Each structure stands twice: as structure tokens, then as C-alpha cells.
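Survey of secondary and tertiary structure
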Amino acid sequence: MLYFSFGNLAFNGKSSESIIDIVISGKSKFKDADAFLVDAIKYMDEEIYPGEGIKEDYNGAHLKEGLYKEIVMRWIASMNEKVDISFDDIQKTYRIKLDHYDPMRDEFILETADEFIMFSWSTSA
């Protein structure tokens with residue numbers, strides 16, 4: 001898996017408390033987007049944020065397929081003066097629905113021809 005994180009300095013505003021985490025893996029390794037989500041959460045929990053209870057945050061989470069590309073692109077646009085990110089050929093988008101609503105998070109799985117991408121925006125504000 002590949003992991004990228006963009007902290008507050010990556011955003012266009014003078015002050016931001018936003019973070020975008022991106023986890024990418026080859027689509028051929030997984031049966032479907034749900035299987036990728038399980039492994040991406042495990043990776044974040046064990047490798048990126050060990051000891052912070054990431055896995056517990058996602059208990060009961062499920063994917064809802066929909067037209068979410070515009071939302072993801074809006075979060076990317078909030079960084080576009082400092083960071084350039086583009087996703088080619090997005091075929092499907094899924095929103096990660098948690099057991100509980102958290103207005104400080106917006107999370108998605110993007111599916112391209114060859115990759116699954118977990119895209120997570122969060123803020124502490």
C-alpha cells in the first residue's frame with residue numbers, strides 16, 4: 001500500500017486545521033472495495049497511526065456507492081495552490097459511512113481501472 005498525508009500547511013488558507021490522508025493499493029489484490037477498506041483501515045491502524053485506535057473508529061462502517069467525485073475534488077481544490085493532485089479515470093466512488101455522524105470527517109473510496117484509493121479529509125476545528 002502507498003500512503004500520503006497532507007497536513008495544514010498543504011491547504012490554501014493562511015490557517016487550516018485540515019488533513020488529507022490517502023491510501024492507495026492495486027485493485028487486483030482485492031475482491032472488491034469492501035475488502036480494500038478492511039485492509040486500508042488495518043494499514044492505517046497498525047502502520048500509520050499505531051496506538052491511536054483507528055480500527056475502533058471504523059467499527060460498523062460500510063460503503064455507500066454514489067456520485068461523490070465532486071466532493072473529493074472540492075477538498076483537493078482547497079489545496080490546489082500548494083499541492084497538485086489528480087485522479088485519472090475514476091470509475092466508482094463510495095462514501096465511507098460510519099456508525100456515528102462526525103462533521104469533522106469526510107471519507108471516500110475511489111475506484112479507478114487499476115487502483116483503490118482511500119481518501120480521508122478531517123479537521124480538528
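Now for a description of the structure that goes with this document. Given the structure is predicted, the values throughout are model-derived calculations rather than measurements. (Residues numbered from 1 in each chain as written. Predicted model: local features only at pLDDT ≥ 70, side-chain atom pairs only at ≥ 80, totals over all residues. Heavy atoms only, no water.)

**Section: the overall build of the protein chain**
The condition is simple: Each helix corresponds to a stretch of at least 4 residues labelled H or I by DSSP, and each strand to a stretch of at least 2 residues labelled E; elements are numbered beginning at the N terminus. The rule is simple: take the accessible area with a 1.4 Å probe, protein chains only, and divide by the maximum for that residue type; under 20% is buried, over 50% is exposed, in between is partly exposed. For this analysis, residues touch if any pair of their heavy atoms sits within 4.5 Å. Here the open area of atoms and residues is found with the Shrake-Rupley method and a 1.4 Å probe, where only the protein chains shown may cover a residue. Two residue types count as positive, namely Lys and Arg, and two as negative, namely Asp and Glu; His and chain ends fall outside the count. The atom standing in for a charge is NZ when the residue is Lys, CZ when it is Arg, CG when it is Asp and CD when it is Glu.
On a plain count of helices and strands, the protein chain comes out with 3 helices and 6 strands. For the protein chain, the α and β elements follow one another from N to C terminus as β-β-α-α-β-α-β-β-β. Expressed along its principal axes, the backbone C-alpha trace of the protein chain runs to roughly 40 × 35 × 25 Å. Counting across all 125 residues of the protein chain, residues that qualify as buried make up 42%. For the protein chain, restricting intrachain contacts to residue pairs at least 6 apart in sequence, the fraction spanning at least 24 positions comes to 58%. Entry remark: accessible area of the protein chain is about 7,300 Å², with carbon and sulfur atoms responsible for 48%. Averaged over its 14 positive side-chain charges, the protein chain has a centre that lies 4 Å from the centre of its 24 negative ones.

**Structural notes on the pattern of salt bridges**
How we decide: Salt bridges are defined as contacts in which a side-chain nitrogen from Lys or Arg sits within 4 Å of a carboxyl oxygen from Asp or Glu.
The tally for this structure, following the rule as stated, stands at 4 salt bridges. A salt bridge links Arg95 to Asp106, with the shortest nitrogen-to-oxygen separation between them at 3.0 Å. With Arg95 in strand β4 (residues 92-97) and Asp106 in strand β5 (residues 105-111), this residue pair connects regions lying 11 residues apart in the sequence. With a closest N to O distance of 3.1 Å, Arg105 and Glu107 form a salt bridge. The pair formed by Arg105 and Glu107 is uniform in burial state, with each residue classed as buried.

**Quick notes on the packing of aromatic side chains**
How we decide: Two rings belonging to Phe, Tyr or Trp (six-membered ring only in the last case) form a pair when the distance between their centres is within 6.5 Å. Interplanar angles under 30 degrees mark stacking, angles over 60 mark edge-to-face geometry, and anything in between is tilted.
Taken as a whole and judged by the stated rule, the model has 5 aromatic pairs. Measuring from ring centre to ring centre gives 6.3 Å for Phe30 and Phe116, while their planes differ by 70°; the resulting arrangement is edge-to-face. Here Phe30, found in the loop between β2 (18-26) and α1 (33-48), pairs with Phe116, found in strand β6 (residues 115-123); they are 86 residues apart in sequence, far enough to count as distant. Here Phe30 falls in the buried class, since its relative accessible area comes to 13%.

**A look at the side chain of Ser25**
In this fold, Ser25 is placed in strand β2. Discounting residues that sit within four places of it in the chain, Ser25 has contacts with Met1, Phe30, Phe36, Asp114, Glu115 and Phe116.

**Digging into the nonpolar core**
To be explicit about the condition: Residues belong to a common nonpolar core when they are buried Ala, Val, Leu, Ile, Met, Phe, Trp, Tyr or Cys residues joined through side-chain atoms within 4.5 Å.
In terms of nonpolar packing, the biggest core is built from 21 residues, with Phe6, Ile20, Ile22, Met79, Ile85, Phe87 and Phe119 touching the most fellow members. Contributions of two or more residues to this core are made by β2, α3 (69-77), β5 and β6. Ranked by residues supplied to this core, first place goes to α3 with 4 residues. With near-sequence residues (within four places) excluded, Ile85 lies in contact with Phe6, Ile22, Ile76 and Met79. If you look at the next biggest cluster of nonpolar residues, it comprises 17 residues, including Ala33, Ala40, Ile54 and Ile109.

**Examining the side chain of Thr123**
Inclusion rule: Here a polar contact is taken to be a pair of N or O atoms separated by no more than 3.5 Å, where protein atoms must pair a possible hydrogen donor with a possible acceptor and residues adjacent in sequence count only if both atoms sit in side chains.
If you trace the backbone, Thr123 turns up in strand β6. Taking the relative accessible area as the measure of exposure, Thr123 reaches 17% and is therefore buried. A distance of 3.3 Å separates the side chain of Thr123 from the backbone oxygen of Glu17, its partner in a polar contact. Residue contacts for Thr123: discarding those within four places in its chain leaves Glu17, Ser18 and Met104.

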